[in-house]
Amino acid sequence: MSVRAVAFLTLHSCPLARLGERDAGGMSVYVLGLARELARRGVRVDIHARAHGGGHADAPPHPNVTVTHLTAAPIPAPKDELHHYTPQFVAELASQLRPDIDMIHSHYWLSALAGLQLSERLNAPHVTTFHTIAAVKERALRGAAEPPERHAGERAIARGVDGIIAWTRPEAEALEALLGAGRERIAIAPIGIDRRRFYPRDRAAVHERTRIPLEEESLLYVGRLDPIKGVDVLLRAMAIITDRPQARLRIVGGDAESAYARGLRSMAEEAGIAGRVTWHGPVPNAELPWQYAAANVVVVPSYSESFGISAAEALACGAPVVASDVAGPASFIRDGESGRLVPPGDAAALAGAITEILEDGGLARRLSAGAIQAAEHLGWPAAAAGVMSLYDRALAARETRAPAAIGASTT
C-alpha cells in the first residue's frame, strides 16, 4: 500500500510567509517544493503551519496541497519558547487532522515533538526531517547554547520516529553518533530545487530587469540574518577586498530591524564598508532567480549548513558560488569545478576566493558552466522519490506492527 495522504507539520513557521522574514528560509523552500512534487505524484499534502500574521509570499503550490494555520501559540512568541506550547499544538492539530491521513511528516524538532504524540494517538507512522541539529549548531558556533529541552527532545525524536530524512551522509552520521538514531531508520534524500524557476538567463535581460550597473562587480548573499549563516564573516571579507571599489555586496533576506541585523550594520560601518553594502531585505520569490543571475559571485558563508538551498539555486542559475566547506554545500559543489569551497569562518580565505573569481574571467566562466552541470542532479523528482520510498517502508512497517525497517539509501 502506498501513501495517499500526508500531514506536514511546521509548527515554528509558515512556508507561505515571505522568505527571509523571521524564521522563513530554506525550510519553507523545502516544505513547499516537496509538497508540490508529492502532489504531482497523486499524494494529498495537508500542511499544518504556525500562523505568521503577515502577507503570503505564494499561494499553495498545487490544488492537492492545503495550508492550515495554527494559533495555539501567540505570534510574538520566539521560536525557542514554542516547545512550552506543545500540548496546545497537539490539541489543535488533533482537531484539524483529516482522518484519512496515512503519514505524518514533521519538520524541525518542535514539530516532531507534537508528531510523536499524534503518531501514538492515531497509530499513524511518523517521519521527520530535522533541518538542523542542536549539537551540530553549537559546535559550529562556539559559545552558542541551544535550550536543554531541544537536546532532550531531539534524542527522543531520533529514537521514537518511524523514519528520518537526512539530506547528506554527514547529517546521517551525526544523527547516529549524536542522537542515537538507528541507521536502519535513516534515508538520505537530498533537497531539490525548482528547475522551472531557477535556470540561466540572458545577461541583457538580467541587466534590464535588475538595473544593476554593468560595471558593478555584484556579490550576493541570500538568506536569513542569523549568526549561523556567517554574514559577519562575509562583512570581514568585504573589508579585506579594498582594491576593488566596484565590488558591492547585496544582502537579500532577513529582518533588517532585528538586533542581530543592527549589529551587522554597525560592523559594516566600523569596517568602513557601509557604502559598499546594500541591505535589500526580503524580495518576492519570483525575483530571486534574477538576483542570482545578476551576481558575479554568490556567497554562502555559513558556519554550518545542513544543505544550503541558496547555493543550489545559484548553481542552477549559472552563478559562480563561493561557499563554506561544510556538509551541505560540499555535498554538491566540487571545489574548482562547480564552485569554490573555503573553511568556515575564514574571512581571508573567503576574500581570496571571491577576488580570484572577479579577476579571472576564464575561471568565472568555467565555474558557471560547472555550476549548471552540477544543478542537473538537484531537481525535485529525485528528492521526492527518496522521500516516497521512506514513506512506503514506514507505512508497511507500521501495518505489520514490526520495527521500521528502513534501509539507508545512498546518493
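Whatever comes next refers back to the structure up there.
This write-up is about the structure you can find in this document. Computed from a predicted model, the values in this text were never measured in an experiment.

## Focus on the side chain of Ser302
In this structure, Ser302 sits in the loop between strand 11 (297-300) and helix 11 (309-316). The class of Ser302 is buried, set by a relative accessible area of 2%. Apart from the residues lying within four places of it in its own chain, the contact partners of Ser302 are Ile228, Lys229, Gly230, Ser324, Val326 and Pro344.

## Observations concerning helix 13 (residues 347-359)
Taking 1.5 Å as the rise per residue, helix 13 with 13 residues should run 18 Å; its terminal C-alpha atoms sit 18 Å apart, in good agreement. Every buried residue belonging to helix 13 is among Ala347, Leu350, Ala351, Ala353, Ile354, Thr355, Ile357 and Leu358, and all of these are buried. Between a side-chain oxygen at the N-terminus of helix 13 and the backbone nitrogen of Ala348 the separation is 3.3 Å; the capping residue is Asp346.

## Focus on unusual backbone geometry
Despite not being glycine, Tyr108 has its phi angle at roughly 80 degrees, a positive value. Looking at the secondary structure, you find Tyr108 in the loop between strand 4 (103-107) and helix 3 (109-122). Within the chain, Arg211 stands out as a residue other than glycine whose phi angle is a positive 60 degrees. The class for Arg211 is exposed, based on a relative accessible area of 62%.

## Observations concerning the packing of aromatic side chains
Inspection of the entire model under this criterion finds five aromatic pairs. A connected cluster of aromatic rings, assembled from ring pairs, spans Tyr30, Trp167, Phe307, Phe332 and Trp380. Lying over the aromatic face of Tyr199, Arg201 brings its terminal NZ or CZ to 4.0 Å of the ring centre. Taking the ring centre of Trp290 as reference, the NZ or CZ of Arg201 above it sits at 4.7 Å.

Conventions we followed
- Residues numbered from 1 in each chain as written.
- Predicted model: local features only at pLDDT ≥ 70, side-chain atom pairs only at ≥ 80, totals over all residues.
- Heavy atoms only, no water.
- Helix = DSSP H or I, 4+ residues; strand = E, 2+ residues; numbered from the N terminus.
- Buried < 20%, exposed > 50% of the residue type's maximum accessible area, 1.4 Å probe, protein only.
- Contact = heavy atoms within 4.5 Å.
- Expected span 1.5 Å × (residues − 1).
- Polar contact = N/O pair within 3.5 Å; in protein donor to acceptor, adjacent residues only side chain to side chain.
- Phe/Tyr/Trp six-rings, centres within 6.5 Å; stacked < 30°, edge-to-face > 60°.
- Lys NZ or Arg CZ within 6 Å of the ring centre and 35° of its normal.

By themselves, these are just geometric observations and shouldn't be taken as functional.
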